[in-house]
Amino acid sequence: MKNKSMICLGIESTAHTFGIGIVNGSGKILANAKDIYKPNEGYGIIPMEAAKHHSAVACDVLKKALDEAKIKPEDVDIIAYSAGPGLPPCLRAGAKFAETLSARLEKELIPANHCVAHIEIGKLLARAKDPVTLYVSGGNTQIIAFAEGRYRIFGETLDVGIGNALDQFARDAGLDFPGGPKIEQLANARKIGDFSTCTRTSFAATPKTSGFCACQKPSVFVQSGKYIRLPYTVKGMDLSFSGILAEALRQLKKGAKLEDVCFSLQETAFAMLVEVTERAVAHIGKNEILLTGGVAANKRLQEMLEIMCKERCAKFFTVPRDYTGDNGAQIAWTGILAYKSGEKSVNKAETNSRWRTDEVDVKWIKK
Amino acid sequence: MDKKIIARGAEAILYKEKIDGQEALVKERIRKSYRLPQIDSELRLQRTRREARLLSEARRCGILTPKVFSVDEKGCKIVMEFIKGKMLKVLFNEASEKEAADIAKETGGQIALLHLGGIIHGDLTTSNMILSEGKIYFVDFGLGEVSQRIEDFATDLSVLKEAIKSTHFRRLDVLWKSVEKGYKSSNPNAEAVFRRMEAIEKRGRYSKRD
């Protein structure tokens, strides 16, 4: 098998993003084209509309990806598509396109799990080996690590994903989509952070045999914004965001300043995320932490995780911005991993909108 | 003082101290500089208080927990009995299947007693249970609460099931069945709790739906 030079074209379409990525067998990303559906102002995603968008832009995105990779359609060896989890109409739009393309080019078709793909592209690009992954996006909030042949979920949200919670708050507060970056901006207007003691690059740890060391130098956080107390809901390694969302909106209606609420919302929700991640790390005993998913772009969340990792002498990895959110390259790379490990191709592109991370047999990782 | 740290949990460090010639364990909830000072100090104080109280209350329900010797609220420290034993996290994978199942059944029974006493542990992972001289000790009540609600009992058990699923996958079925058996033998209300658990699982994201 011409493993290294094998070229996989991956199609992502689980939610807002329609993406096509092209990756080769040695993990080189040749293209990562995408087009993102934007809902009308004041509205959330309408799945049928997003699916229509995906079908409409599919051919253009394909052309863009092939141009970027400087290859012809015939050069593609296998086609991978995101089979779930995600919004059913969006998934079907991508799957249908993948199926048609595979039939036309006569190339094998491989289904990929969207969440597993986020982890795999993160590991590839950040060069993490065996991390505990905090995967935070619109619909997903999970703490995942590999054990016994699968990516196991150690903690997750009991209600909505963190991204959905932030978006919903933003919408009700009259902010544009996507809400996360707007909230971050407003929250920043309210604080002066001093993180001079921590560095942006991932921290190279020198763990002792016991798995921790005493080299912690807490960085100082100076805050000028007004903190409004919000519910902090952590259950073991699971968390819940519905209470904090409701209270944040109530505070806003009561007349609290938008900046203060944004600031408090981020501080509380992210502290919960970092806490459950640390609990999982302590429980499992791994010392790499990978942050990925759309919300991973948030600088404050990155900062908080970095401080936590530094205090535990763990290594912190983030994924380049283009690859934290949904993208086609992650599906292409996961397709390659699955295909190489003997995953069978399919004729019909089935989807499963509730396909859990821990239902995938990860044959490409040897224990 | 030289602290010889023996474990570093997510929120606390654990070290040994000699008190009146007796070996004791100190659990100190350390400052977390990643979070706002307001959130940090409130959580540390609240959880220290809660843990000290629930460790003692749990014992009144007939559950084994380390004895609390003293509490330093300002320093967020609890000085308690040192329990020598093995975490169930290790035992569930190391022991024979029969042995592991027996321990799981006993664990289920103990959790039922805890719930009958109106205590929710809040973090029932296998790192928080220790087998010592044939008996199971429960530790780490920092996320616990006092409640009589079926929903809270069910969530408490869900945390345990998820922990077994992620950490002891190969034995999930046998371990979980044993926990259920143990729980049912001690809590007359068990059926309702497990029914609610199913409902909670269905509410979860990407869970199977009928």
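Predicted, not measured: the structure shown is a model, and the values here were computed from it.

(A) Main features of the overall build of chain A. In terms of helices and strands, chain A carries 9 helices and 12 strands. Here chain A, with 367 residues, has 57% of them falling under the buried criterion.

(B) Spatial organisation of the overall build of chain B. Helix and strand content of chain B: 6 helices and 10 strands. In terms of overall dimensions, chain B is globule-like: its C-alpha atoms have a radius of gyration of 18 Å, near the 17 Å expected for 210 residues. Along the first, second and third principal axes, the C-alpha atoms of chain B reach 55 × 40 × 30 Å. Among the 210 residues that make up chain B, the fraction classed as buried is 44%. A separation of at least 24 residues holds for 66% of the contacts in chain B among residues at least 6 apart in sequence.

(C) Highlighting the interface of chain B and chain A. Chain B puts 27 residues into the contact, and the matching count from chain A is 35 residues. Looking at side-chain class alone, the side of chain B that touches chain A contains 10 nonpolar, 10 polar and 7 charged residues.

(D) Geometry of the pairing of strand β4 (residues 78-84) of chain A. Residues and elements named next belong to chain A. Of all 7 residues in β4, 7 are buried, a share of seventy percent or more. The pairing of β4 with strand β5 (residues 108-113) spans 6 bridges and is classified as parallel. Considered in β5, the bridge of Gly-84 is made with Asn-113. Traced from β4 through helix α2 (residues 88-105) to β5, the parallel crossover comes out right-handed.

(E) Inspection of the sheet that holds strand β2 (residues 17-24) of chain A at higher detail. Residue and element names in this part refer to chain A. With respect to topology, 5 strands assemble into an open sheet ordered β3-β2-β1-β4-β5, the strand pairing being mixed. With partners counted over all chains shown, the strands left at the sheet margins are β3 (29-36) and β5, one partner each. Strand-to-strand twist in this sheet, taken as the mean axis angle between neighbours without regard to direction, amounts to 20°. Strand direction decides the pairing type here: strand β1 (residues 7-12) and β2, joined by 6 bridges, are antiparallel. By the bridge assignment, Ile-7 is partnered in β2 with Asn-24. Where α2 meets the sheet, its contacts fall on β1, β2, β4 and β5, and the angle it forms with β4 comes to roughly 160°.

(F) Spotlight on the domain arrangement of chain B. Residues and elements named next belong to chain B. The domain architecture assigned to chain B consists of domain 1 (5-81) and domain 2 (86-203). Counting residues at the interface gives 15 residues for domain 1 and 14 residues for domain 2. By residue class, the composition of the side of domain 1 that touches domain 2 is 7 nonpolar, 2 polar and 6 charged.

(G) Expanded view of the environment of Val159(B). With respect to the helices and strands, Val159(B) occurs in helix α4 (residues 150-167). The contact partners of Val159(B), leaving out residues within four places of it in the chain, are Lys235(A), Gly236(A), Asp238(A), Asp123(B), Leu124(B) and Thr125(B).

(H) Broad picture of the confidence of the model for chain B. When pLDDT is averaged across chain B, the result is 92; 96% of the residues are at 70 or more. Model confidence for the complex: the whole-complex pTM is 0.88, and ipTM, which rates the interface, is 0.88.

(I) Here's a closer look at the nonpolar core. Residues Tyr81(A), Leu273(A), Ile289(A) and Ala332(A) are the most contacted members of the largest nonpolar core, which totals 126 residues. Excluding residues within four positions of it along the chain, Ala332(A) makes contact with Cys8(A), Leu9(A), Gly10(A), Gly21(A), Ile22(A), Val23(A) and Ala80(A). The next biggest cluster of nonpolar side chains, apart from the first, holds 41 residues, and it includes Leu54(B), Phe92(B), Ala112(B) and Ala163(B).

(J) Layout of the environment of Val61(A). All names here are of chain A. With respect to the helices and strands, Val-61 occurs in helix α1 (residues 47-69). Residue classification places Val-61 among the buried residues on the basis of 23 C-beta atoms within 10 Å. Not counting residues within four places of it along the chain, the set of residues in contact with Val-61 comprises Phe-18, Ile-20, Ala-33, Lys-34 and Asp-35.

(K) Here's a closer look at the packing of α1(A) against α2(A). Residues and elements named next belong to chain A. At a closest axis distance of 7 Å, the pairing of α1 and α2 adopts a crossing angle of 20°. With respect to their mutual orientation, α1 and α2 come out roughly parallel. Where α1 crosses over α2, the handedness of that crossing is right-handed. Of the residues in α2, those touching α1 at Pro-47, Met-48, Ala-50, Ala-51, His-54, Ser-55 and Ala-58 are Pro-88, Pro-89, Cys-90, Arg-92, Ala-93, Gly-94 and Phe-97. Looking at the contact of α1 with α2 residue by residue, the classes come out as 10 nonpolar, 3 polar and 1 charged.

(L) View of the packing of helix α3 (residues 97-116) of chain B against helix α5 (residues 172-186) of chain B. Residues and elements named next belong to chain B. Relative to each other, α3 and α5 sit at 40°, their axes nearing to 6 Å. Where α3 crosses over α5, the handedness of that crossing is right-handed. Facing Glu-97, Ala-100, Ala-101, Ala-104, Lys-105, Glu-106, Thr-107, Gly-108, Gly-109, Ile-111, Ala-112 and Leu-113 of α3, the residues of α5 in contact are Val-174, Leu-175, Ser-178, Val-179, Glu-180, Lys-181, Gly-182, Tyr-183, Ser-185 and Ser-186. Class assignment of the residues belonging to the contact of α3 with α5 gives a composition of 10 nonpolar, 7 polar and 5 charged.

(M) Here's a closer look at the domain arrangement of chain A. Annotation of chain A at the domain level lists domain 1 (7-119 + 324-359) and domain 2 (129-321). At the junction of the two partners, domain 1 of chain A supplies 14 residues and domain 2 of chain A supplies 22 residues.

(N) Structural detail: α2(A). Residues and elements named next belong to chain A. The end-to-end C-alpha distance of α2, which contains 18 residues, comes to 25 Å, matching closely the 26 Å that a straight helix rising 1.5 Å per residue would cover. Taken as a whole, α2 has its buried residues at Cys-90, Leu-91, Arg-92, Ala-93, Gly-94, Ala-95, Phe-97, Ala-98, Leu-101 and Ser-102. Packed against the buried residues of α2 are β1, β2, α1, β4 and β5. A positive phi of about 55° marks Glu-106, the residue just after α2.

About the thresholds
Residues numbered from 1 in each chain as written. Chains lettered and ligands numbered in written order. Predicted model: local features only at pLDDT ≥ 70, side-chain atom pairs only at ≥ 80, totals over all residues. Helix = DSSP H or I, 4+ residues; strand = E, 2+ residues; numbered from the N terminus. Buried ≥ 20, exposed ≤ 12 C-beta atoms within 10 Å, placed from the backbone. Rg over C-alpha atoms; globule rule 2.2 N^0.38 Å. Contact = placed C-beta atoms within 7 Å. Nonpolar A, V, L, I, M, F, W, Y, C, P; charged D, E, K, R; others polar. Pairing = 2+ DSSP bridges. Right-handed = clockwise from strand over helix to strand, strands pointing away. Axes fitted to C-alpha atoms, helices over the stretch in contact; angles between N-to-C directions. Domains from an automatic or database assignment. pLDDT = per-residue confidence, 0-100. Core = buried A, V, L, I, M, F, W, Y, C linked by C-beta atoms within 7 Å. Parallel < 35°, antiparallel > 145°, perpendicular 65-115°, else oblique. Left-handed = near helix turned anticlockwise from the far one by under 90°. Expected span 1.5 Å × (residues − 1).

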